[in-house]
Amino acid sequence: MNRLAAESSPYLRQHADNPVDWQPWGEAAFAEARERGVPLLLSVGYSTCHWCHVMAHESFEDTATASYMNEHFVNVKVDREERPDVDAVYMAATQAMTGQGGWPMTVFLTPDAEPFYAGTYFPPRDGQGMPSFMRVMTSVVNAWTGDREKIVANAQALSAHVRDASQPRPAAGDLPADFLERGVANLRRVSDAVRGGFGGAPKFPAPTTLDFLLTRPEGRSMALHTLRQMGSGGIYDQLGGGFHRYSVDAEWRVPHFEKMLYDNAQLVRTLLRAYQVSGDAEFARLARDTLAYLEREMLHPDGGFFSAQDADTGGVEGLTFTWIPEEVRAVLGDGEDATLALQHLGITDGGNFLDPHRPEYGRRSVPFVAQSVAELAALHGDSEERIGMRLEGLKNRLHAARQAREQPGTDDKVLTSWNGLALAAFADAARVLQEPHYLEIARRNADFIRAELRLPDGTLRHTWGGGQAKVEGLLEDHALYALGLVALFQAGGDTAHLEWARELWDIVRRDFWNEDAGVFMASGGRAETLLTRQAPGFDSAVLSDNAAAALLALWMDRYFAVADAEQLARRTVQSFQADMLAASGGFGGCGRPPRSWPRRTPKLPSSARPRNARRWRWWPPNFHCPSRRWPSRRRAAICRCCRTVRAAGWATSAATAPVSCPLWTRRCSGGNWKGWRTERFPASGLRPQGQNPP
């Protein structure tokens, strides 16, 4: 047993019994490398990564390979989810050297933590254009012993490049007036008009890009079509709900089977927005089923959400989620029920999936919607309603049988940033779908994070597991969780959650803002010093740190009139404008501002405004204004959907029709709008912005 057995990360503990003398990231590893005069072998992965498991089985569990590693390297294992800052720095180096990235990531470092060679998965034997892992290690050792000075010089040059490339390159001048339209046009050029998504295989969900398109009338159809195709494909778990990581084909049918909290939480919000703008109840169903999956399989009893579920079961990829016709008939019988289910879910003898590493399990089928309810109703001469009800019952029976199988492993660490995404998902669902149960789950999550991951000074820890919180909180933790708290306030109206979000914003502003660069840094000044401090603006699988911080700044400006918050948001977007214009698909988060930023309530007609009034800010009726200088305006017209203030006191009679909600996440129109109601303001329910009227 090596030095990983006591770690809280499930991924690190998975490697505790390897013959490799792994140790966690830390100064002790670098001190040992300096003392022995050897390089470090850094291996980065995560617990639900299929290819991480493959390389572990092929190389790290092999005694001869492990012996060579132990003799010539100090071997360090990192969970990328536990240490995203470490992962980001060395992924940038890997991409600079190889032009690509991924996991497992293998990086060779000098004792000063500077990278000099990197790659991703290396097979145990030469083949398919890739050198074997042993060949790579042998070449590195020969170079290190034969020409160490050159290796160190190259490592220093690469490190300098990574530092330079990590800084944003702001373009001169303001953003062009049509930059949002240009972003939509760029995405349309790479969109798949038939199967949805962008580009070819593999296809990723890209929720932040879909969110951006949903805010643009000219791009909305692309987002809705993509979501419909995903919802009918194998990337969506047709029996248990929830989305797998990505699709290996262009049709969304065969996924990589791991399920990530961040994918499902973000996609729930995307589906809710799609439901709001389209009125299509199918999006609401997909959101509900995904939330049911998160509650059933990813929720800690005390309220936190786990990180992910594995792609493999018993060392076989997708074994839990795939079927052959005989297994379906064993559950449903040999009659019409089995025939209907097989037709609907596309389960055939030929199958559509084979694990290349375990071919003895043969070809199996990933369920997808091969024939729709309407098509099956026409085929069987029955009504769509009856066919739909039958299929729902049949899928429930198949899911119950699947639950009796061996299940994939769950990474049970709780990450603050991803819990912020889940918090926002359940809060939005409570508000949009009018489900109090979702609101209770969201409140429990906020209580859990406050109790387990919040320090006395208000800062957050990044990860929790086994009753222990660790790792200095990053920008993503504070910004994403604060956005979740804003969503919780909008759903439940408890101002304590909004005040907590304000507290986290103050930390973001103090610890992560870089005035010289005009961006937010991923790690704070108190965090461990790494090769460089990143300032991510490009959306990867999750909303980027800077996009999250910019959105949080705007909410703080809208709710609290925080000094310079909107200015910081605009400066942040300005810093990334060159990259945004070049690669629109990676900036869905930053691309939402400024036109779709949270808007102030439309101006009242001049005859309805008080004399000498300046710019006015409108508050929810249960919001306690810190300023008590203004008297109550007595009553306001409140939207029954989202509690948006339409007009107050003197202008109530003008609030007679639905309008676009000032919150960018909402649109109160059509069949979703529930009308206005009149409600009394508390004292100082209106707060002036800027100079006070005399």
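Everything numeric here is computed off the predicted structure, so don't read it as measured data. (Residues numbered from 1 in each chain as written. Predicted model: local features only at pLDDT ≥ 70, side-chain atom pairs only at ≥ 80, totals over all residues. Heavy atoms only, no water.)

(A) Spatial organisation of the overall build of the protein chain. The helix and strand tally for the protein chain stands at 24 helices and 22 strands. For the protein chain, the residues scored as buried account for 57% of the 694 residues in total. In the protein chain, once contacts between residues fewer than 6 apart in sequence are set aside, the share between residues at least 24 apart is 70%. As displayed, the protein chain offers around 27,400 Å² of accessible surface, 49% of which is attributable to carbon and sulfur atoms. (Helix = DSSP H or I, 4+ residues; strand = E, 2+ residues; numbered from the N terminus. Buried < 20%, exposed > 50% of the residue type's maximum accessible area, 1.4 Å probe, protein only. Contact = heavy atoms within 4.5 Å. Areas by Shrake-Rupley, 256 points an atom, 1.4 Å probe, with all protein chains shown as cover.)

(B) The pattern of salt bridges, seen in detail. Counting across every chain of the model gives 42 salt bridges. D21 is the salt-bridge partner of R3, the closest N and O atoms lying 2.9 Å from each other. Highlighted residues: R3 in the segment before α1 (10–14) and D21 in the loop between α1 and β1 (22–24), separated in sequence by 18 residues. Overall, R3 belongs to the partly exposed group, its relative accessible area being 40%. Judged by its relative accessible area of 30%, D21 is partly exposed. (Salt bridge = Lys/Arg side-chain N within 4 Å of Asp/Glu carboxyl O.)

(C) Quick look at the sheet that holds strand β5 (residues 115–119). Taken in spatial order, the 5 strands line up as β1-β3-β2-β4-β5 in an open sheet, and their pairing is mixed. Each edge of the open sheet is held by one strand with a lone partner, namely β1 and β5. Averaged over all neighbouring strand pairs, the angle between strand axes comes to 30°, with direction disregarded. Looking at chain direction, β1 and strand β3 (residues 74–79) are connected through 3 bridges and run parallel. Following the sheet pairing, P24 is matched in β3 by K77. Each of β2 (40–45), β3, β4 (105–109) and β5 touches helix α5 (residues 84–98); the most contacted strand, β5, lies at about 80° to it. (Pairing = 2+ DSSP bridges. Axes fitted to C-alpha atoms, helices over the stretch in contact; angles between N-to-C directions.)

(D) Main features of the nonpolar core. W505, F520 and M556 are the most contacted members of the largest nonpolar core, which has 141 residues in total. In this structure, W505 is in contact with F520, A549, L552, A553, M556, V562, A565 and L568, ignoring residues within four places of it in sequence. Counting 25 residues, the second largest nonpolar core, distinct from the first, contains V74, V86, M91 and L531. (Core = buried A, V, L, I, M, F, W, Y, C linked by side-chain atoms within 4.5 Å.)

(E) Up close: the side chain of T416. With respect to the secondary-structure elements, T416 resides in helix α17 (residues 416–433). Those residues in contact with T416 that sit more than four places away from it in its chain are I449, L453, L460, R461, H462, D477 and Y481.

(F) Fine view of the packing of aromatic side chains. Throughout the structure, instances matching the rule amount to 23 aromatic pairs. Taking 5.0 Å as the distance between ring centres and 90° as the angle between the ring planes, the aromatic pair formed by W22 and F60 counts as edge-to-face. Taken as a pair, W22 in strand β1 and F60 in helix α3 (residues 50–60) lie far apart in primary sequence, 38 residues in all. For the residue pair W22 and F60, the accessibility class agrees, reading buried in each case. A ring pair is formed by Y262 and W418, whose centres lie 4.6 Å apart and whose planes are at 70°; its orientation type is edge-to-face. Taken together, the residues Y262 in helix α11 (residues 261–278) and W418 in helix α17 connect sequence positions 156 residues apart. Neither Y262 nor W418 differs from the other in exposure class; each is buried. (Phe/Tyr/Trp six-rings, centres within 6.5 Å; stacked < 30°, edge-to-face > 60°.)

(G) A look at the confidence of the model for the protein chain. Confidence in the prediction for the protein chain averages 85 pLDDT; 83% of positions are at 70 or higher. Overall, residues 593–676 carries pLDDT values under 50, and its contacts beyond four positions in sequence, including any with other chains, amount to 216 contacts. Low pLDDT, under 50, characterises residues 678–694; the predicted model gives this stretch 63 contacts beyond four residues in sequence or across chains. (pLDDT = per-residue confidence, 0-100.)

(H) Spatial organisation of helix α13 (residues 325–332). Listed as buried for α13 are P325, V328 and L332. Relative to the axis of α13, the buried residues are bounded by an arc of 60° and lie together on one face. Here the buried face of α13 lies against α14 (336–345) and α16 (384–403). The first or second residue beyond α13 is G333, which carries a positive phi of 90°. (Arc of directions from axis to C-beta.)

(I) Here's a closer look at the side chain of T94. Take T94: it is sitting in helix α5. A polar side-chain atom of T94 sits 2.8 Å from the main-chain carbonyl oxygen of Y90. Every residue in contact with T94, bar those within four places of it in the chain, is listed here: G99, Q100, M105, V107, A118 and G119. (Polar contact = N/O pair within 3.5 Å; in protein donor to acceptor, adjacent residues only side chain to side chain.)

(J) Quick peek at the environment of A153. Inspection of the secondary structure puts A153 in helix α7 (residues 148–165). Residue A153 is classed as partly exposed on the basis of its relative accessible area, which comes to 39%.

(K) Spotlight on the packing of helix α18 (residues 436–452) against helix α19 (residues 475–492). Across the interface, α18 lies against α19 with an axial gap of 11 Å and an inter-helix angle of 140°. Judged by the inter-axis angle, α18 sits oblique to α19. In the packing of α18 onto α19, the handedness of the crossing is left-handed. On α19, the residues touching L439, A442, R443, N445, A446 and I449 of α18 are Y481, L485, L488, A491 and G492. Residue classes in the contact of α18 with α19 are distributed as 8 nonpolar, 2 polar and 1 charged. (Parallel < 35°, antiparallel > 145°, perpendicular 65-115°, else oblique. Left-handed = near helix turned anticlockwise from the far one by under 90°. Nonpolar A, V, L, I, M, F, W, Y, C, P; charged D, E, K, R; others polar.)

(L) Structural view of the environment of A250. Relative to the helices and strands, A250 is located in the loop between β6 (246–247) and β7 (255–256). On the basis of relative accessibility, which here comes to 11%, the residue A250 falls in the buried class. Between the C-alpha atoms of A250 and G197, which are 53 residues apart in sequence, the distance is 8.4 Å. Non-local contacts of A250, meaning those with residues more than four positions away in its chain, are made with D192, R195, A201 and K203.

(M) View of the sheet that holds strand β12 (residues 410–411). Strand order in the open sheet made by the 3 strands is β8-β9-β12, with antiparallel pairing throughout. The open sheet is flanked by β8 (259–260) and β12, the only strands paired with a single partner. One ladder, built from 2 bridges, connects β8 with strand β9 (residues 308–309); its direction is antiparallel. Each residue of the ladder has a partner; that of M260, found in β9, is A308.

(N) Spatial organisation of the packing of helix α9 (residues 207–214) against α11. Where α9 contacts α11, the two axes come as close as 9 Å, and the packing angle between them is 20°. One element, α9, and the other, α11, form an angle in the roughly parallel class. Between α9 and α11 the crossing geometry is left-handed. Note on element contacts: α11 touches α9 through Q266, L267, T270, R273, A274 and V277, opposite P207, T208, L210, D211 and L214. By residue class, the composition of the contact of α9 with α11 is 6 nonpolar, 3 polar and 2 charged.

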